[in-house]
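# Structural overview
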Amino acid sequence: MSTLLEIENDAIRLPPPPRTPRTLRVALAGCGTVGGELVRLLHHGAAEIRARHGVRVRLVRVLVAHRGRPRPAELDPALLTTDLDAFLAEDADVVVEAIGGVDPALRIARTALGRGRRLVTANKALIAAHGPELALLARRHRGRLDFESAVAGGIPVIRALRDSLGLTGIARVRGILNGTTNFILTRLDEGWRYADALADAQARGFAEANPARDLSGEDATDKLRILAWLAFGIRPDALVLRRRGIDPDPERLAADARLLGGAARLVAESVETESGVVAAVEPVIVPLAGPLGRTRGEENVVLIESRSNGGITLSGPGAGGGPTASSLLADLVRGAGRLARPAAEPPVPVNDTREHRWALSVVRTIHAAGVLDRTLARAGVPTSTVLADGDRRVAVTEPVGWQRIDLALRVLGAELLAPVVSRVEVSV
Ligand code: HSE
């Protein structure tokens, strides 16, 4: 139910809904976790959408890969098709793409926008690889491109960057952009086993079809590329980025963080430095009580530092059918502002040479302790603390750049000590 205050605000922001609702013909590609939830939201919210936005949303076709899968009871089965060409030929005002991956999503996007239609997509891989091209196509053909649901699920971060903060000069975007890995890391802290935590994240519809994209940081990387595009005007595919995931040993990563008194989080950040914009997606040991450490389960958080506006924190559910579909619905009924044209001279993306403290842990072999110490010394990496816990030995370094850690890791890896490394942001 709307409160009186909301009704008043809407009256200020929106023109009064027309007496006869406008019909919006929607073709939906994909009817899995996210697409299926959108079908339900459209069905159950139809009266409210009509009353508040003056729009009657009519699904005209739903593209699926397989007819036999279970579908929402609210979906008319006659709308289903597996024929991509028939789907593309459908006369729709808006095409909603919720299938993920670049193929055939790119073809659907190019066709829709090339015909001057609106495209609403939840597809981070598509926008990270082809966002600027699709935005240009939309502009040329007077279509629209909206992708709120592609980043951070139900958090309206695209809207925040695109419509307001992105126009004010951003200094840094930092956050947790993958719900699955955050869910796994917080479950591990509660004593779960990794395999069970991953299976639960998959069962709840948080993980990608191929969960390796979550675990390796690829999913968060796509999202960071999109945020850096909106924040700094850098083409998403041109961002120079260091990527490491929570694999290969999430249990040890979480245990290392506990030993150092913090929490392990997969942190994505892009920062403007004097030499250019640097970016990384990697595990960081953060304070438990800070905004990242407090982000639990499938939640995401995005901290945006604007040069003139200080820091803004947005947090909320980052994965799952409901939150993602609700962002799709918001794009569908209202859209966001126009994408700013790319900056004439966007800042240069460069390698991240900033210095950080790092935790390196190795597991027991007879020589583990000595090899860790010697290798770090040989790589010119001073250590401040070395902790031992059961089979494990964890060294915390003084601030050094990634290049030196990378060198040390190659030697340690070659010695079969299976090193796990994370950035350290807690005092040890
Ligand atoms: N697999 C993604 C995640 C889904 O876990 O964040 C939302 O983009």
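Structural data are supplied above this passage.
As a starting point, this report considers the structure included with it. (Residues numbered from 1 in each chain as written. Predicted model: local features only at pLDDT ≥ 70, side-chain atom pairs only at ≥ 80, totals over all residues. Heavy atoms only, no water.)

### Here we look at the packing of aromatic side chains
Throughout the structure, instances matching the rule amount to three aromatic pairs. Seen from their ring centres, Phe 183 and Phe 206 are 5.4 Å apart, and the 70° between their planes marks the pair as edge-to-face. Residue Phe 183 is located in helix α8 (residues 179–189), and its partner Phe 206 is located in the loop between α9 (194–203) and α10 (212–215); the two are separated by 23 residues in the primary sequence. Phe 183 sits in the buried class, given a relative accessible area of 2%. Residue classification places Phe 206 among the buried residues on the basis of a relative accessible area of 11%. Geometrically, the ring pair formed by Trp 358 and Trp 402 is tilted, given 5.3 Å between the ring centres and 55° between the ring planes. Of this pair, Trp 358 sits in strand β13 (residues 357–363) while Trp 402 sits in helix α15 (residues 402–414); the two residues are 44 residues apart in sequence, bridging distant segments of the chain. Overall, the relative accessible area of 0% leaves Trp 358 in the buried class. Under the relative-accessibility criterion, Trp 402 is labelled buried at 13%. (Phe/Tyr/Trp six-rings, centres within 6.5 Å; stacked < 30°, edge-to-face > 60°. Helix = DSSP H or I, 4+ residues; strand = E, 2+ residues; numbered from the N terminus. Buried < 20%, exposed > 50% of the residue type's maximum accessible area, 1.4 Å probe, protein only.)

### Some remarks on the site of the ligand
Taken together, Lys 124, Asn 178, Gly 179, Thr 180, Phe 206, Ala 207, Glu 208, Asp 214, Asp 219, Lys 223, Gly 318 and Ala 319 form the complete shell of residues around the ligand. One nitrogen or oxygen atom from the side chain of Glu 208 is found 2.6 Å from a nitrogen atom belonging to the ligand. Relative to its unbound accessible area of 260 Å², the ligand is 94% covered by the protein chains. Looking at the shell around the ligand, the elements with two or more residues in it are α8 and α11 (218–232). Considered class by class, the residues forming the shell around the ligand number three nonpolar, four polar and five charged. (Near = heavy atom within 4 Å. Polar contact = N/O pair within 3.5 Å; in protein donor to acceptor, adjacent residues only side chain to side chain. Areas by Shrake-Rupley, 256 points an atom, 1.4 Å probe, with all protein chains shown as cover. Nonpolar A, V, L, I, M, F, W, Y, C, P; charged D, E, K, R; others polar.)

### So, the pattern of salt bridges
By the definition in use, this model includes 41 salt bridges. Residue Arg 187 pairs with Asp 200 through a salt bridge whose shortest N-O separation is 3.8 Å. Of the two residues, Arg 187 sits in helix α8 while Asp 200 sits in helix α9, which places them 13 residues apart along the sequence. Both residues of the pair, Arg 187 and Asp 200, belong to the buried class. Residues Arg 244 and Glu 282 are paired through a salt bridge, measuring 3.1 Å at the closest nitrogen-oxygen approach. (Salt bridge = Lys/Arg side-chain N within 4 Å of Asp/Glu carboxyl O.)

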